[in-house]
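Structural features, examined
So you can see what is in the structure, the chains are spelled out below.
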Amino acid sequence: MKIALLGKGKTGSKVIELCKSPEYSHIELEVFDSKNPLKNEDLNRFDMVLSFLNGDVFLEHYFKLLSESGICVVTGSTGFAWTTELVSKIKAPWIKATNFSLGMNLAKEMIRIAAKAQALFPASDLKYEIHEVHHTKKLDAPSGTALSWQEWLEKDSTITSERTGDIIGIHELKIDTPNEYITIKHEAKDRKIFAAGALWACERVKNLSPGLHDFSDIALQVIRKS
């Protein structure tokens, strides 16, 4: 499997590191960045593109090229909305994610259950709070993952953000009832979880139908089949 990697930042560097291990010896990886941009003539050498670029850079410099080429793409680029217009331009199978942690999908299932809390408590008595913490170099706030949590919850909720140190990622949902708190928390210990999840997606993207697919939907299909 031949992958063109866009970006070698915090997560991209972990992809490079993983691909040097025996477990990923079947993957040929080539890295492209601002000094060595991916061009149209490069694409026929690869099975897919994996992007961890900032969303603005991905949209401005690569979306048109990749969507018109018909190549498979796995992207963790965030900070923008996947509009109907953008999605309509995708000709090949693509997978998007706000967070490539496979364990995050267990949290998604828990959040979907937590969203049914009003079956046990009066809806007027419930308050939903989402708090996320990331490193100081993360530009978008709230994080794409926090917005996904709010989407999965399908309830009005407050989102707060914190940027401190080199925190990889902490997301917490707190449900405040009159007499108890219920909390769901996910904390990333190592950025390798995002790299491993992205490579997991790369293994599966070519088997999907053309169009944009959500990483969590693909992972949850596996969970629900088990």
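Let us look at the structure shown here. Because the structure is predicted, anything quoted here is derived from the model rather than measured. (Residues numbered from 1 in each chain as written. Predicted model: local features only at pLDDT ≥ 70, side-chain atom pairs only at ≥ 80, totals over all residues. Heavy atoms only, no water.)

Residue placement: A123 occurs in the loop between α4 (104-114) and β6 (127-134). Given a relative accessible area of 46%, A123 falls into the partly exposed group. Residues A123 and T177, spaced 54 residues apart in sequence, show a C-alpha to C-alpha distance of 9.5 Å. (Helix = DSSP H or I, 4+ residues; strand = E, 2+ residues; numbered from the N terminus. Buried < 20%, exposed > 50% of the residue type's maximum accessible area, 1.4 Å probe, protein only.)

Take the side chain of H135 next. Following the sequence through the fold, H135 ends up in the loop between β6 and α5 (144-153). Residue H135 is classed as buried on the basis of its relative accessible area of 11%. In this structure, H135 is in contact with K10, R163, T164, G165, D166, I167 and R191, ignoring residues within four places of it in sequence. (Contact = heavy atoms within 4.5 Å.)

Before going further, it helps to spend a moment on the pattern of salt bridges. By the definition in use, this model includes 17 salt bridges. For the salt bridge of D42 with R45, the shortest nitrogen-to-oxygen distance reads 3.4 Å. Classification of D42 by relative accessible area gives buried; the value is 14%. Using a relative accessible area of 37% as the deciding quantity, one classes R45 as partly exposed. Within this structure, K14, E17, D190 and K192 form a network of salt bridges that share partners. (Salt bridge = Lys/Arg side-chain N within 4 Å of Asp/Glu carboxyl O.)

Moving on: α5. Counting buried residues along α5, seven of its ten residues qualify, which places the element largely inside the surrounding structure. What α5 keeps buried is the set G144, T145, A146, S148, W149, W152 and L153. The secondary structure elements touched by the buried residues of α5 are α4, β6, β7 (158-163), β8 (170-176), β9 (181-187) and α7 (215-225). One or two residues past the end of α5 sits E154, with phi positive at roughly 55 degrees.

Looking now at the packing of aromatic side chains. Under the criterion given, the structure shown has ten aromatic pairs. For the ring pair F58 and W94, a centre distance of 6.4 Å and an interplane angle of 65 degrees mean the geometry is edge-to-face. Taken together, the residues F58 in helix α2 (residues 55-69) and W94 in strand β5 (residues 93-96) connect sequence positions 36 residues apart. What links up through ring pairs into an aromatic cluster is the set F58, F63, F80, W82 and W94. (Phe/Tyr/Trp six-rings, centres within 6.5 Å; stacked < 30°, edge-to-face > 60°.)

So yeah, pure geometry; function would need other evidence.
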